[in-house]
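Structure assessment
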Amino acid sequence: MFEVGDYAFAECSSLNGNLHLGFGLHRIGEFAFYKCNKLTGSLNLGYRKFEYSYATNINKYDHSSCRICDFAFSGCTSFSGDLHLFNVSYIGKNAFYQCGFSGSLIIPLTFIDDYAFYGCSKFRGTLTFNESVRNISNNYVSSEGFYIGAYAFCGCSGFIGELNFPSAYSYIGEYAFCGCSGFNKLEFGNYYYDIYGFINDEKKMRYIGNYAFCNCTGLIGLLNILSSTQYIGECSFANCSSLNVLYLNSDCDLMIGKNAFESSNLTSLYYPDPIFEPIYQYPIGLNNNVSIYVSSKYRDPSFCSYNVFYESVPSEKFGLSSSEEVVTWNFNNIDEYIQTFNKKLDFYNTLIFKPNTFFLFDVKNKEGTTDRFPFNHNLLPNQYICYPYNS
């Protein structure tokens, strides 16, 4: 069997039990199993045959793929297990809209259209983009990459664990994962595997849509945005209240939408490479306690209207002939300074620094040396810093 036609079993109330669709299926038509709400159990789709080639020492795959069309399984509320998709080239609009799956979801690298899994709130397992069952070749992954459409997983609040995107994805639509509160980590990958299992490290992520991860309240810790990203949409990470560190590894023109990080409670933001701030719509939603770190080559006086700390202090701030230069600060005590800059002061006593004196440092250099790297920032009047120079 190569195809299940449009409306083939739509609203078939007598179709019940488990559904098994075998090898070689190329297309599941529009509304094919629409509202077949007596189908139960797990569902596996898109099996692919392959043969091992002793000549090339690689698996030779059957590249024929399965296309799941719009509304194909929409409203199948009684599915109760896992949904595993294998050799699938496209998942259509509303294809699994409000289905009842309660296990995990495995998807190959593929195009996922708008509302594809909207409202599948009963999933209680992980969501995996599984490259080992992919249907791609070097030519198949175009320069545009794959996309995830608007509202594709919106309201799928039961997914747990990490959400990892292979770098072959370039576009995440508006509200795509809004309200997916069960994920605890979000990672945009630096590579993907081609059809032969080789690593391709091309980063394709370009666009994170408006409200894409809004209300993903379970996300914690670090969020690392790939250097290829060009747009972070309005409210895209709003109310991700447990994210606390953000890396923006931008090497292109980046635009940040209004309130992109509203109520995210970030404490640190790193913007290590660019020399100018991104294009932005004010305000981007950072709280007033965030510390923003940029490189010494950064040329703007602020980051999206927020004060910045420099990774290294420009040399003109200090006398090059001196071993150290100190500028005192005007805070009343050390605690007040720490509270203001959210940074620790080290009590460091060696011959190369003044004994019994507090200095502001980030890290120790390598073991067995006395070199230490200072925590640096743009100096304002009466602020304190120590910066040792090597002669």
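Here the residue numbers are simple positions, counted from 1 along each chain's written sequence. The predicted nature of this model means local features are confined to residues of pLDDT at least 70 and side-chain atom pairs, given and counted, to a pLDDT of 80 or more, with totals for whole chains, interfaces and linings taken over all residues. To get the side-chain values, take all heavy atoms of the structure and skip hydrogens and water.

Residue alternation in strand S25 (residues 291-294) divides its side chains into two sets, Ser291 and Tyr293 and Ile292 and Val294, and both sets are buried. Should DSSP find at least two bridges between two strands, the strands are taken to pair. Strands here mean DSSP runs of E at least two residues long; helices mean DSSP runs of H or I at least four residues long; both are numbered from the N terminus. As paired strands, strand S23 (residues 268-271) and S25 are joined by four bridges and run parallel to one another. Looking at the pairing, Tyr270 lines up with Tyr293 of S25. Relative accessibility decides the category of a residue: with a 1.4 Å probe and only protein chains considered, values under 20% of the type maximum give buried, values over 50% give exposed, and everything between is partly exposed.

Here we take up the sheet that holds strand S7 (residues 79-85). Taken in spatial order, the four strands of this open sheet run S3-S7-S9-S11, and their pairing is parallel. Two strands close off the open sheet at either side, each with one partner strand: strand S3 (41-45) and strand S11 (127-129). On average, each strand axis in the sheet is tilted by 15° relative to the strand beside it, whichever way the strands run. Here the axes come from fitting lines to C-alpha atoms, over the contacting stretch only for helices, and the angles between their N-to-C directions go from 0 to 180 degrees.

On to the packing of aromatic side chains, then. Here the distance between the centres and the angle between the planes together describe a pair of aromatic rings. Any Phe, Tyr or Trp ring, taking Trp's six-membered ring, that has another such ring centre within 6.5 Å forms a pair; planes under 30 degrees apart are called stacked, those over 60 apart edge-to-face, and the others tilted. Per the counting criterion, the structure on display carries 40 aromatic pairs. Ring geometry for Tyr271 versus Phe303: centroids 5.0 Å apart, planes at 65°, classification edge-to-face. With a gap of 32 residues between them, Tyr271 in strand S23 and Phe303 in the loop between S25 and strand S26 (309-310) connect regions that are remote in the sequence. Per residue, the accessibility class of Tyr271 equals that of Phe303, and both read buried.

Let's shift gears to the nonpolar core. What is meant by a nonpolar core is a set of buried Ala, Val, Leu, Ile, Met, Phe, Trp, Tyr and Cys residues, joined one to another through side-chain atoms within 4.5 Å. In this structure, Phe73, Phe96, Phe117, Phe153, Phe177 and Phe213 are the most contacted members of the largest nonpolar core, which totals 87 residues. Only heavy atoms enter the contact rule, under which two residues are in contact if any of them lie within 4.5 Å. Contacts of Phe213, omitting those with residues within four sequence positions, involve Leu163, Phe165, Ile172, Phe177, Leu186, Phe188, Ile208, Ser236, Phe237, Ala238 and Cys240. The next biggest cluster of nonpolar side chains, apart from the first, holds seven residues, and it includes Tyr151, Cys178, Cys235 and Ala238.

With that settled, the discussion passes to the pattern of salt bridges. The salt bridge definition used is simple: a Lys or Arg side-chain nitrogen within 4 Å of an Asp or Glu carboxyl oxygen. Tallied over the entire structure, the rule returns four salt bridges. Put simply, Asp113 and Lys93 hold a salt bridge, and the shortest N to O gap is 3.4 Å. A residue pair is termed long-range when its members are at least 10 positions apart, and Asp113 in the loop between strand S10 (111-112) and S11 and Lys93 in the loop between strand S8 (88-91) and strand S9 (105-107) qualify at 20 residues. Look at Lys93 and you get partly exposed, because its relative accessible area is 33%. Residue Lys185 pairs with Glu187 through a salt bridge whose shortest N-O separation is 3.7 Å. Taking the relative accessible area as the measure of exposure, Lys185 reaches 32% and is therefore partly exposed. It is possible to trace a salt-bridge network through shared partners that takes in Glu3, Asp6 and Arg27.

Let us now look at the environment of Lys35. On the secondary structure map, Lys35 appears in the loop between strand S2 (27-28) and S3. The class of Lys35 is partly exposed, set by a relative accessible area of 39%.

Another aspect to go through is unusual backbone geometry. The linkage connecting Tyr282 with the following residue, Pro283, adopts the cis geometry, with an omega of -10°. Residue placement: Pro283 occurs in the loop between strand S24 (279-280) and S25. A positive phi angle is found at Cys235, which is not glycine, with a value near 55°. Examined against the element boundaries, Cys235 turns out to sit in the loop between strand S20 (231-232) and strand S21 (242-248). Given the relative accessible area of 12%, Cys235 is considered buried. Phi angles above zero are rare outside glycine, and Cys304 is one such case at about 50°. Turning to its location among the elements, Cys304 is positioned in the loop between S25 and S26.

Per-residue pLDDT for the protein has a mean of 76; in total, 69% of the residues score no lower than 70. Each residue carries a pLDDT score, the predictor's confidence in it, ranging from 0 to 100. Low confidence marks residues 312-391, where pLDDT is under 50. Its contacts with residues over four positions away, or in another chain, come to 137 contacts.

Disulfides are defined as cysteine sulfur pairs within 2.5 Å. With the rule as written, the count across this model stands at zero disulfides. Summary of cysteine pairing: Cys76 is not part of a disulfide, and the nearest cysteine sulfur, belonging to Cys99, is at 5.1 Å. What makes Cys76 buried here is its relative accessible area of 0%. Cys235 forms no disulfide, and the closest cysteine sulfur to it belongs to Cys214, at a distance of 6.2 Å.

This next bit is on the environment of Glu262. With respect to the helices, strands and loops of the structure, Glu262 is situated in the loop between strand S22 (255-256) and S23. In this structure Glu262 comes out as partly exposed when scored by relative accessible area, which is 33%. Along the primary structure Glu262 and Gly285 are separated by 23 residues, whereas in three dimensions their C-alpha atoms are 4.0 Å apart. If we ignore the near neighbours within four places in the chain, the residues touching Glu262 are Phe237, Ala238, Asn239, Ile284 and Gly285.

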